[in-house]
Amino acid sequence: MQISLDLLQSSDPEVFDAVVGEERRQREGLELIPSENYAFPEVYATNGSVFANKYAEGYVGRRYYGGQQFTDRIESLAIERAKRLFRAEHANVQPLSGSPMNQAVYMACLAPGDTVLAMDLSHGGHLTHGAPVSCMGRIFNFVRYKTSPPDGHIDYDAVLATARQVRPKIVLCGHSSYPREVDYARFRAIADDVGALCMADVSHVGGLIAGGALKNPLDFGFDIMTTTTHKSLRGPRGGMILCKSSLAKQIDAAVFPGMQGGPHMNAIAGVAVTLKLAAEPAFKAYASQVLLNARILADELMKHGCTLVTGGTENHLIVIDVVRSFNIDGRVAENALDLAGLTVNKQVIPDDPRPPLKPSGVRLGTPALTTRGMKEPEMKQVAAWMVEAMRAPEDESKLRAIHAQVRELCARFPVPGLDS
Ligand code: DSN
């Protein structure tokens, strides 16, 4: 089956134009949002495959619709590959994305009103870790731990003290803007101390764990690990829950029929192929290079005078305090960088006095640049461009001149699947 974009162009030119425009934007700009990446080219094939047509409520061998010979085959492949790659006793590959994935864990393991100890959103946690604006934040009692000055790292003694005070049912670690490695042994010990389940949401770093560049919480006896599949892992949009066998039944029941109906089988086919590719030696090299690139980018930014949250990075992401560094807010920085072809996102910093749409920081990372094959020299150049742009956020001609140089760099580093 080979459906070309020509058909879309003739039947819906408006949608076609948006697709082509987005493709150009991704090809001709530097994608620095740390949760974004370029999927493995094989994923475009599975996403657009006939599996998109198929309903498959239920699980392998226990479905509510007929015609499941091939859906069962790909879901089994995805499950077995996930278990092998992450050394997990059980895997559920059906969550549609990160939010339903974490919601299913809460619904499986908690009763309404139960307490979860999780990282504060502005300190690097995530919306689905019980932010008051989220539905889960209204159903369960999320108590938040924070990072501590002066270094901005997690204060594990404080986490233990809070755990002893609030007696959570789940101790949750995992972050979307915390640039440091997590001490999983400490989190496991804290959960044991208060008799809680220990859960890690490694959505951002799932690919780096798969590639062996960062530690795997499951090696430290965690009960549950969740990860999205489309960030550092380079798969289709989706989520995955890995857990101990003792929790398998309740987790599966919470995903289906608890939270979801039909799984997206085209995404599960993409997860299966992604997990095969992520087990290959080339992906190990990729994961290490993501970390090396992030360290170099952070060091260069600091050499140019930038203030970074926690003073650097140990993973793939960096948070710049742009108020301190350039006396501009995160929205101004994001817009200026966008014009220069450098895509980042505005970001709140710990206990940010500013509102979320005009916060004090920007967040960036190296997974997508590394997918294009960029290395140390390119990181130095990117840091220089970023600083130049943020020093002159109103200077449109300078920003456009930077973008012209960005385009030249991009032309030398094709996007797998788009340019080759
Ligand atoms: N939106 C993702 C991120 O940027 O971290 C997580 O939901």
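Predicted model, so just to flag it, every value in this text is computed and none were measured.

Draft legend 1. Structural detail: the environment of D155. Within the secondary structure, D155 sits in the loop between strand 8 (153–154) and helix 7 (156–166). Sequence-wise, D155 and A45 are 110 residues apart; in three dimensions their C-alpha atoms are separated by 45 Å. The residues touching D155, leaving out its near neighbours within four places in the chain, are K146 and S148.

Draft legend 2. Representation of the site of the ligand. Taken together, S35, H126, S176, H204, K231 and R363 form the complete shell of residues around the ligand. Between the ligand and H204, the relevant distance is 2.7 Å, taken from an oxygen atom to a side-chain nitrogen or oxygen of the residue. Contact between the ligand and R363: an oxygen atom at 2.6 Å from a side-chain N or O atom of the residue. Summarising the interface, the protein chains cover 63% of the accessible area of the ligand, which totals 230 Å² for the free molecule. Grouping the amino acids of the shell around the ligand by side-chain chemistry returns no nonpolar, four polar and two charged.

Draft legend 3. Fine view of the confidence of the model for the chain. Residues of the chain with pLDDT of at least 70 account for 99%, and the chain-wide mean is 97. Averaged pLDDT values over the elements of the chain bottom out at 92 in helix 1 (residues 5–11) and peak at 99 in strand 4 (residues 90–92).

Draft legend 4. The arrangement of the sheet that holds strand 6 (residues 141–145) in detail. Read across the sheet, seven strands follow the order 4-12-11-10-9-5-6 without closing on themselves; strand pairing throughout is mixed. Strands with a single pairing partner mark the edges of an open sheet, and in this sheet they are strand 4 and strand 6. The average undirected angle you get between the axes of adjacent strands in this sheet is 20 degrees. Of the strand pairs in this sheet, strand 10 (residues 197–201) and strand 11 (residues 224–228) are connected by three bridges, and their pairing is parallel. The residue bridging D201 from the neighbouring strand is T226, located in strand 11. Sitting on the sheet, helix 5 (residues 98–109) is in contact with strand 6, strand 9 (170–173), strand 10, strand 11 and strand 12 (239–243), with an inclination near 160 degrees to strand 11.

Draft legend 5. Region of the structure containing the environment of H129. Among the secondary structure elements, H129 is positioned in the loop between strand 5 (115–119) and helix 6 (135–139). When the C-alpha atoms of H129 and G174 are compared, they prove to be 9.1 Å apart, with 45 residues separating the residues in sequence. Once residues lying within four places of it in the same chain are set aside, the contact partners of H129 are N102, Y106, A118, F142, R144, L172, G174 and D201. Here D201 takes part through its side chain, which lies 2.9 Å from a polar atom of the side chain of H129.

Draft legend 6. Here's a closer look at empty space enclosed by the protein. Per the stated rule, a full pass over the model turns up two cavities of 30 Å³ or more. Size it by volume and the largest cavity reaches roughly 120 Å³. Lining the largest cavity are 15 residues, with H175, V182, Y184, V205 and N315 positioned closest to its centre. Its residues placed into classes, the lining of the largest cavity shows seven nonpolar, five polar and three charged. Each pocket or cavity is described by its volume, and for the second largest cavity that value is around 60 Å³. Together, 14 residues line the second largest cavity, and S122, H123, S177, V309 and P350 are the ones closest to its centre. The residue inventory of the lining of the second largest cavity, partitioned by class, reads seven nonpolar, seven polar and no charged.

Draft legend 7. Region of interest: the pattern of salt bridges. Scanning the model with the defined rule gives 20 salt bridges in all. One salt bridge in this structure joins K169 and D114, with 3.3 Å as the shortest N-O distance. Taken together, the residues span a long stretch of sequence, with K169 in the loop between helix 7 and strand 9 and D114 in the loop between helix 5 and strand 5 at a distance of 55 residues. Overall, K169 belongs to the partly exposed group, its relative accessible area being 43%. The class for D114 is buried, based on a relative accessible area of 16%. Of the charged contacts in the structure, one is a salt bridge between R188 and D192, with a shortest N-O distance of 2.7 Å.

Draft legend 8. Geometry of the side chain of Q347. Following the sequence through the fold, Q347 ends up in strand 16 (residues 345–347). Given the relative accessible area of 10%, Q347 is considered buried. A polar side-chain atom of Q347 sits 3.1 Å from a polar atom in the side chain of S177. Not counting chain neighbours up to four residues away, the residues in contact with Q347 comprise S177, V319, D352, P359, S360, G361, V362 and R363.

Draft legend 9. Quick look at the side chain of S177. Following the sequence through the fold, S177 ends up in the loop between strand 9 and helix 8 (184–194). Using a relative accessible area of 6% as the deciding quantity, one classes S177 as buried. Those residues in contact with S177 that sit more than four places away from it in its chain are G124, L317, V319, Q347 and R363.

Rules and cut-offs
Residues numbered from 1 in each chain as written. Predicted model: local features only at pLDDT ≥ 70, side-chain atom pairs only at ≥ 80, totals over all residues. Heavy atoms only, no water. Helix = DSSP H or I, 4+ residues; strand = E, 2+ residues; numbered from the N terminus. Contact = heavy atoms within 4.5 Å. Near = heavy atom within 4 Å. Polar contact = N/O pair within 3.5 Å; in protein donor to acceptor, adjacent residues only side chain to side chain. Areas by Shrake-Rupley, 256 points an atom, 1.4 Å probe, with all protein chains shown as cover. Nonpolar A, V, L, I, M, F, W, Y, C, P; charged D, E, K, R; others polar. pLDDT = per-residue confidence, 0-100. Pairing = 2+ DSSP bridges. Axes fitted to C-alpha atoms, helices over the stretch in contact; angles between N-to-C directions. 1 Å grid on protein atoms, 1.4 Å probe; cavity = no way out; pocket = protein on both sides within 12 Å on 5 of 7 lines; lining within 4 Å. Points joined across faces, edges and corners; volume = space filled by probe spheres on them. Salt bridge = Lys/Arg side-chain N within 4 Å of Asp/Glu carboxyl O. Buried < 20%, exposed > 50% of the residue type's maximum accessible area, 1.4 Å probe, protein only.

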